[in-house]
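Take a look at the letters that make up each chain.
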There are 2 protein chains.
Amino acid sequence: MRVPTRDCVQAAASRIAPYIHHTPVLQSQRLNEIVGTELLFKCENFQKTGAFKARGAVNVVMQLSSDIQSLVTHSSGNHGAALAWASGLRAIQCSVVVPEDASPFKRRSMDRYGATLIDCGQDLESRESVLEEFVKQHVATFIHPYDDARIIAGQGTATMELLECEQNLEQIWVPVGGGGLASGAVLAGNGTVEVVCAEPELAKDAYLSMQTGFRQPSLPPITIADGLRSSLGEINFRILKAAKTRVALATEDSIRRALNLVFETMKIVIEPSAAVAVAAMLDNPSLVAKRVGVILSGGNIPYPS
Amino acid sequence: MRVPTRDCVQAAASRIAPYIHHTPVLQSQRLNEIVGTELLFKCENFQKTGAFKARGAVNVVMQLSSDIQSLVTHSSGNHGAALAWASGLRAIQCSVVVPEDASPFKRRSMDRYGATLIDCGQDLESRESVLEEFVKQHVATFIHPYDDARIIAGQGTATMELLECEQNLEQIWVPVGGGGLASGAVLAGNGTVEVVCAEPELAKDAYLSMQTGFRQPSLPPITIADGLRSSLGEINFRILKAAKTRVALATEDSIRRALNLVFETMKIVIEPSAAVAVAAMLDNPSLVAKRVGVILSGGNIPYPS
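Residues numbered from 1 in each chain as written. Chains lettered and ligands numbered in written order. Predicted model: local features only at pLDDT ≥ 70, side-chain atom pairs only at ≥ 80, totals over all residues. Heavy atoms only, no water.

Visitor: Would you mind going over the interface of chain B and chain A with me for this structure?
Guide: In many reports, interface size means the accessible area that the parts give up when they come together. Listed per partner, the contact involves 23 residues of chain B and 23 residues of chain A. Of the roughly 2100 Å² buried between chain B and chain A, counting both surfaces, carbon and sulfur atoms make up 61%. Of all residues in chain B, Phe263(B), Lys267(B) and Tyr303(B) bury the most surface against chain A, accounting for 37% of the area lost on that side. Viewed at the interface, chain A and chain B are joined by zero salt bridges. Joining chain B to chain A, the criterion identifies ten residue pairs in polar contact (both at pLDDT 80 or more). Residue assignment for the side of chain B that touches chain A shows that the elements contributing at least two residues are α2 (29-35), α5 (104-112) and α11 (252-266) of chain B. Ranked by residues supplied to the side of chain B that touches chain A, first place goes to α11(B) with five residues. The residue inventory of the side of chain B that touches chain A, partitioned by class, reads eleven nonpolar, seven polar and five charged. (Contact = heavy atoms within 4.5 Å. Buried area = accessible area lost by both parts, 1.4 Å probe. Salt bridge = Lys/Arg side-chain N within 4 Å of Asp/Glu carboxyl O. Polar contact = N/O pair within 3.5 Å; in protein donor to acceptor, adjacent residues only side chain to side chain. Helix = DSSP H or I, 4+ residues; strand = E, 2+ residues; numbered from the N terminus. Nonpolar A, V, L, I, M, F, W, Y, C, P; charged D, E, K, R; others polar.)

Here is the structure:
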């Protein structure tokens, strides 16, 4: 198991710079008043493919040997779209194992980027068996959505950019699912800033893993934050555990409220998984520092009406 | 009747600079493909109070003599919120005559900025009689929402900023209601770029006014573009007429489609009135040039679910 370092994030930043957006950092006076602190939002909803996942995906694809012609991964949508987009940059074929309950909007997006979609059940077992079957029958290289040093290093560049643009941040709040964004943030922060993970109460395996010191299985995939239903990766957990990373939980109601707040005050579109960081701050005001960076992880939802 | 010039827009730009946002210009590869041209979006939905109206309002307020303590205007929401916000900067009281069918979201916003709301009927007659009555009974200075040289000059700064940031634009598309934004754009463009007005078919008084050469009354206020229901102002019409400004119409279906497209591809929130410019391009592809600026006028809608 290869655990990436801050140098890997630095290297990834140079490697992916030609392909990704240096996303803007936005502020909202009204949201600052509501949350009671100074918030700086890194808008990865404006990133290529609509989520930070483009960073890790292109960081992997640009390191592949030229004989690789086909990739496969599993994803609820954003990583799949990102890997399909990145693969397209090198004319590599990309297949994605997608749970049957995945967002139709994200399915269309993966399809638009040229991915071949393979259905699987909602639970991890089904996901892994369908993937195993596919790899047996095809010549395809498996790219794990988050438990991969190259992916983690790529996702870390979002936090690195934010820290380069904004001085004196006390915390970075990031949503945690598999832990790619969160463990990348810990590497990028390099101990100079606290990374706080935000997780839906209905998917609190990361919370329980940090509490018990052992990686816990994922819970039933029922939170509206569809990007955060998967369980922590092994490398990801090791990095978060070494940094004694805190996990703050958010209720479904708070996630919905955060979605509305960001929409109505900032006039930008984020998906439920991205709203979890704001929701966790609303639910845990005592954990929030005075000057806080927030990674808005993605914005891939249909017009809600 | 005082008709403003380009110099007034230049002066307004310096006057309001300390108070307003220099809003970003965004692009979307997918929207370019869908519309079939290169689009540069000036995001006034990110402006103070959530709409370009903040520009004209603060340009007026900062020129008022110090003995003025109370203002009154009429508005469906955005101008009212902008004038209330600007008045607050000088501790001036602000009252707004609001049609009974105005958006509750915009009412809350005006209220939050400290405006006193006075209800009136949906038609122009009721609006004017209620305003007249108010002015009789109170010591308040009436600020017209668009038929005012200072307002027009202020709104023109949005186009001026866009032209300063982006070279070689062939057209600027702007929504037209009362004509503050549109006539200000004509002044800022100063003949170097074509300004195309976009108007809902259900509120095509500007279109008919340009066709006939005479200012036409407003139509029944039924378009979803609630900010564009009013009729062209006198000064505004004079400026648009002198420039032989073209008006492109948009159906309600196209306005809804444009709302969804901007939401899903750009991940930003705009209100129906702002979507009219994109909708009119979808409905009139033959009128669209190769490199086009678009003013996204505002983003004041509630989360649509």
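Visitor: Explain helix α10 (residues 234-242) of chain B to me, please; I cannot follow it from the model alone.
Guide: Given 3.6 residues per turn, any residue in an α-helix points the same way as the ones three and four places further on. All of the buried residues in α10(B) are Ile235(B), Asn236(B), Phe237(B), Ile239(B) and Leu240(B). Those residues of α10(B) that are buried lie in contact with α7 (149-165), α8 (180-189), β8 (194-200) and α9 (205-212) of chain B. (Buried < 20%, exposed > 50% of the residue type's maximum accessible area, 1.4 Å probe, protein only.)

Visitor: Can you walk me through the sheet that holds strand β4 (residues 93-99) of chain A in this structure?
Guide: Sheet strands pair by backbone hydrogen bonding; their relative direction is either parallel or antiparallel. Residues and elements named next belong to chain A. Taken in spatial order, the four strands make up an open sheet running β5-β4-β3-β6, and their pairing is parallel. Looking along the sheet, the strands with just one partner apiece sit at the ends: β5 (116-120) and β6 (141-142). Bridge count between strand β3 (residues 70-74) and β6: two bridges; the pairing is parallel. Looking at the pairing, Val72 lines up with Phe142 of β6. Contacts from helix α4 (residues 78-89) reach β3 and β4 within the one sheet, and its direction differs from that of β3 by about 170 degrees. (Pairing = 2+ DSSP bridges. Axes fitted to C-alpha atoms, helices over the stretch in contact; angles between N-to-C directions.)

Visitor: Where do I start with helix α11 (residues 252-266) of chain A in this structure?
Guide: Taking 1.5 Å per residue, 15 residues should reach 21 Å; α11(A) reaches 21 Å between its end C-alpha atoms and fits that length. If you check which residues of α11(A) are buried, you get Glu252(A), Ser254(A), Ile255(A), Ala258(A), Leu259(A), Leu261(A), Val262(A), Phe263(A), Thr265(A) and Met266(A). (Expected span 1.5 Å × (residues − 1).)

Visitor: For this particular structure, what's the right way to read the packing of aromatic side chains?
Guide: When we look at a pair of aromatic rings, we describe it by the centre distance and by the angle of the planes. Counted under the stated rule, the structure contains three aromatic pairs over all chains. Ring centres of Phe263(A) and Phe263(B) lie 6.2 Å apart, and the angle between their planes is 45 degrees; on these two criteria the pair is classed as tilted. Taken together, the positions of Phe263(A) in helix α11 and Phe263(B) in helix α11 put the pair across two chains. Taken individually, Phe263(A) and Phe263(B) each receive the classification buried, so the pair is uniform in this respect. Ring geometry for Tyr303(A) versus Phe263(B): centroids 4.9 Å apart, planes at 75 degrees, classification edge-to-face. Of the two residues, Tyr303(A) sits in the segment after β10 (291-296) while Phe263(B) sits in helix α11, which places them in two different chains. Taken together, the ring pairs in this structure connect Phe263(A), Tyr303(A), Phe263(B) and Tyr303(B) into an aromatic cluster. We note Lys241(A) situated over the ring of Phe214(A); from NZ or CZ to the ring centre the distance is 5.8 Å. (Phe/Tyr/Trp six-rings, centres within 6.5 Å; stacked < 30°, edge-to-face > 60°. Lys NZ or Arg CZ within 6 Å of the ring centre and 35° of its normal.)

Visitor: Explain the packing of α8(B) against α10(B) here, please?
Guide: The relative placement of two packed helices comes down to the angle between their axes together with the axis-to-axis distance. Residue and element names in this part refer to chain B. In the contact formed by α8 and α10, the axes pass within 9 Å of each other and the chain directions differ by 45 degrees. Comparing the axis directions of α8 and α10 gives the class oblique. Judged by the twist between their axes, the crossing of α8 over α10 is left-handed. Facing α8, whose interface residues are Gly180, Ala182, Ser183, Val186 and Leu187, α10 presents Asn236, Ile239 and Leu240. Residue composition of the contact of α8 with α10, grouped by class: five nonpolar, three polar and no charged. (Parallel < 35°, antiparallel > 145°, perpendicular 65-115°, else oblique. Left-handed = near helix turned anticlockwise from the far one by under 90°.)

Visitor: Looking at this structure, I do not really get the sheet that holds strand β2 (residues 38-43) of chain B. What am I missing?
Guide: Residue and element names in this part refer to chain B. Strand order in the open sheet made by the six strands is β1-β2-β10-β7-β8-β9, with mixed pairing throughout. Edge positions in the sheet fall to β1 (25-26) and β9 (246-250), since each has one partner strand and no second. Direction of pairing for β1 relative to β2: antiparallel, over a ladder of two bridges. Bridge pairing in β2 links Val25 to Lys42.

Visitor: Is there a simple way to explain the relation of the copies chain B and chain A in this structure?
Guide: Both copies of the chain are tied together by a single rotation about an axis and a shift running along it. Superposing chain B onto chain A requires a rotation of 180 degrees together with a translation of 0.0 Å along the rotation axis, leaving an RMSD of 0.0 Å. Such a combination of turn and shift is consistent with a two-fold rotation axis. Residues of chain B ranked by C-alpha distance from the rotation axis are headed by Ile268(B), positioned 2.1 Å from it. (Least-squares fit on C-alpha atoms with pLDDT ≥ 70 in both.)

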